[in-house]
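# Understanding the architecture of this molecule
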Amino acid sequence: MLKRSFRWLAFSAALSASATFVCAKSDAAIVERVVAVVGERPILLTDLRRRAKPFLAQIYAQQQQNPTQRAAAETQMYRDLLNRMIDDRLEEQAADKSRIAVTTDEIDRGMRQKAESLNLPLKDLLIEARRQGLSEQDYREEVRRQLLEGKLIQLRVLPRVRVSEEDARATYARWVKEMGEERVIELRILALRVPANATDEQFKEREDFAKEIVRKARAGEDFCKLIAQHSEDVTTKNTCGSRGSQPTSALLPALQETAKSLKEGETSDPIAFGSEAIVIAQLNKGPHIPTYEDVRAVMRERAMGEIIERQRKIWLQDLRRGLYIDVRL
């Protein structure tokens, strides 16, 4: 829930839809486009693209074989991200007015806590960030934004939030209704990365390694231990490769097809996701709908998240009133 200040070069008093900087040594012009203005501060296309790197990586991993869907997903992602960046600016201004800031020590501590929660050394967390297109400075800035938002939520939003048992049960009812006839399953995933620009030989070596892991799992070795030893998905290493129970429709198409053929406790053959990764799936729990009591804690947490997000949006709408905001994307 915990989700900035840049020093800007001087801009002319009246900003047009783009600002142009001319190189003195040639007639070439470098165009820096302004995609939004919040108050008197612009948001530049280069900043939007830099923030978009990890999201683009996810889109390309999920939509590699469908250019049309990929293009649509990119367009929507940029729109959503720009709105998020506008909200970030509003939160910065609110933080300035309330004299709230995030210190370097708090950022360092936040990064260490994130690494510890993933059971990783900090250096490996930064390596993972680089894989997603984020430099160490970019990652530190993201942590700073999250910590600043967390402080603002505690101060301005949480006092408005109350979660009752009825809220949790209503959230559960909506969740079941959204699933309709669909059941949920729980997969455990062991993910292996393929080196960038891997040769056919390197890919085959990775695939053979995955097959050896499958052989060990099917021979009775503890799949959780295999995940802890070999999985390169840092977000699920400490949860035995599981992201919890979820509808099959929430899975990637290849995993949906694999899940249909597995029985509880069975391990899949290696599944290649383009030239990016190879994953191994094990079905931990087959199709079912958990009872409310089974997921009560999760539903209370989800209900709280929904209420906090609702109140956060109301608070941000209040901040927007009377402020000049021009979106040009």
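Quick caveat: nothing in here was measured; it's all calculated off a predicted structure. (Residues numbered from 1 in each chain as written. Predicted model: local features only at pLDDT ≥ 70, side-chain atom pairs only at ≥ 80, totals over all residues. Heavy atoms only, no water.)

### A look at the sheet that holds strand E5 (residues 246–247)
- Taken together, the four strands give an open sheet; going across it, the order is E5-E4-E7-E6, and neighbouring strands pair in antiparallel fashion. The open sheet terminates on both sides in strands that have one partner only, identified here as E5 and strand E6 (271–273).
- The pairing of E6 with strand E7 (residues 277–288) spans three bridges and is classified as antiparallel. Pairing of Phe273 across the sheet is with Ala277, part of E7.
- Set on the sheet, helix H9 (residues 253–261) makes contact with strand E4 (184–193), E6 and E7; between it and E6 the angle comes to about 170°. (Pairing = 2+ DSSP bridges. Helix = DSSP H or I, 4+ residues; strand = E, 2+ residues; numbered from the N terminus. Contact = heavy atoms within 4.5 Å. Axes fitted to C-alpha atoms, helices over the stretch in contact; angles between N-to-C directions.)

### Re helix H2 (residues 67–98)
- Its 32 residues place the ends of H2 46 Å apart at the C-alpha level, agreeing with the 46 Å of an ideal helix rising 1.5 Å per residue.
- Just beyond H2, the residue with positive phi is Arg99, at close to 60°. (Expected span 1.5 Å × (residues − 1).)

### Some thoughts on the environment of Asn238
- Assignment of secondary structure puts Asn238 in the loop between helix H8 (223–230) and E5.
- The class of Asn238 is partly exposed, set by a relative accessible area of 42%.
- It is 8.8 Å that separates the C-alpha atoms of Asn238 and Ile227, two residues lying eleven residues apart in sequence.
- Setting aside residues up to four positions removed in sequence, Asn238 forms contacts with Ser117 and Leu118.
- From its side chain, Asn238 meets the backbone oxygen of Ser117 in a polar contact 2.6 Å long. (Buried < 20%, exposed > 50% of the residue type's maximum accessible area, 1.4 Å probe, protein only. Polar contact = N/O pair within 3.5 Å; in protein donor to acceptor, adjacent residues only side chain to side chain.)

### Looking at the packing of helix H3 (residues 104–117) against helix H5 (residues 136–157)
- Relative orientation of the contacting elements H3 and H5 amounts to 100°, with a least axis distance of 9 Å. Between H3 and H5, the angle falls in the class roughly perpendicular. On the side of H3, the interface is formed by Thr104, Glu106, Ile107, Asp108, Gly110, Met111 and Lys114, while H5 contributes Tyr139, Arg140, Val143, Arg144, Leu147 and Lys151.
- Of the residues in the contact of H3 with H5, the class split is five nonpolar, two polar and six charged. (Parallel < 35°, antiparallel > 145°, perpendicular 65-115°, else oblique. Nonpolar A, V, L, I, M, F, W, Y, C, P; charged D, E, K, R; others polar.)

### Notes on the packing of aromatic side chains
- Counted according to the given criterion, the structure contains two aromatic pairs.
- Taken together, Tyr172, Trp175 and Tyr292 form an aromatic cluster joined through their ring pairs. (Phe/Tyr/Trp six-rings, centres within 6.5 Å; stacked < 30°, edge-to-face > 60°.)

### Comments concerning the pattern of salt bridges
- In this structure the tally under the stated criterion is 34 salt bridges.
- With a shortest N-O distance of 3.2 Å, Arg84 and Glu91 are connected by a salt bridge.
- We note a salt bridge from Arg140 to Asp108, for which the minimum N-O separation is 2.7 Å. Taken as a pair, Arg140 in helix H5 and Asp108 in helix H3 lie far apart in primary sequence, 32 residues in all.
- The class for Arg140 is buried, based on a relative accessible area of 16%.
- Accessibility expressed as a relative area gives 25% for Asp108, which makes it partly exposed. (Salt bridge = Lys/Arg side-chain N within 4 Å of Asp/Glu carboxyl O.)

### Notes on the layout of surface pockets
- By volume, the second largest pocket amounts to about 590 Å³.
- In this structure, the second largest pocket is lined by 24 residues; those nearest its centre are Val295, Val298, Met299, Glu301 and Arg302. (1 Å grid on protein atoms, 1.4 Å probe; cavity = no way out; pocket = protein on both sides within 12 Å on 5 of 7 lines; lining within 4 Å. Points joined across faces, edges and corners; volume = space filled by probe spheres on them.)

### Things to note about helix H1 (residues 45–62)
- With 18 residues, H1 ought to run about 26 Å at 1.5 Å a step, and its terminal C-alpha atoms sit 24 Å apart, in line with that.
- Of the residues making up H1, those classed as buried are Leu45, Asp47, Leu48, Arg51, Ala52, Pro54, Leu56 and Ile59.

### Notes on unusual backbone geometry
- A positive phi angle is found at Arg99, which is not glycine, with a value near 60°.
- In this structure, Arg99 sits in the loop between H2 and H3.
- In the Ramachandran plot, Cys240 falls in the positive-phi region, its phi being about 60° despite a non-glycine side chain.
- Note on placement: Cys240 falls in the loop between H8 and E5.

### Some details on the packing of H5 against helix H10 (residues 296–320)
- H10 packs onto H5 with a crossing angle of 85° between their chain directions and a minimal axis gap of 11 Å. Classified by the interaxial angle, the pair formed by H5 and H10 is roughly perpendicular. Facing Glu149, Leu152, Ile153, Arg156 and Val157 of H5, the residues of H10 in contact are Ile308, Gln311, Arg312 and Trp315.
- Considered class by class, the residues forming the contact of H5 with H10 number five nonpolar, one polar and three charged.

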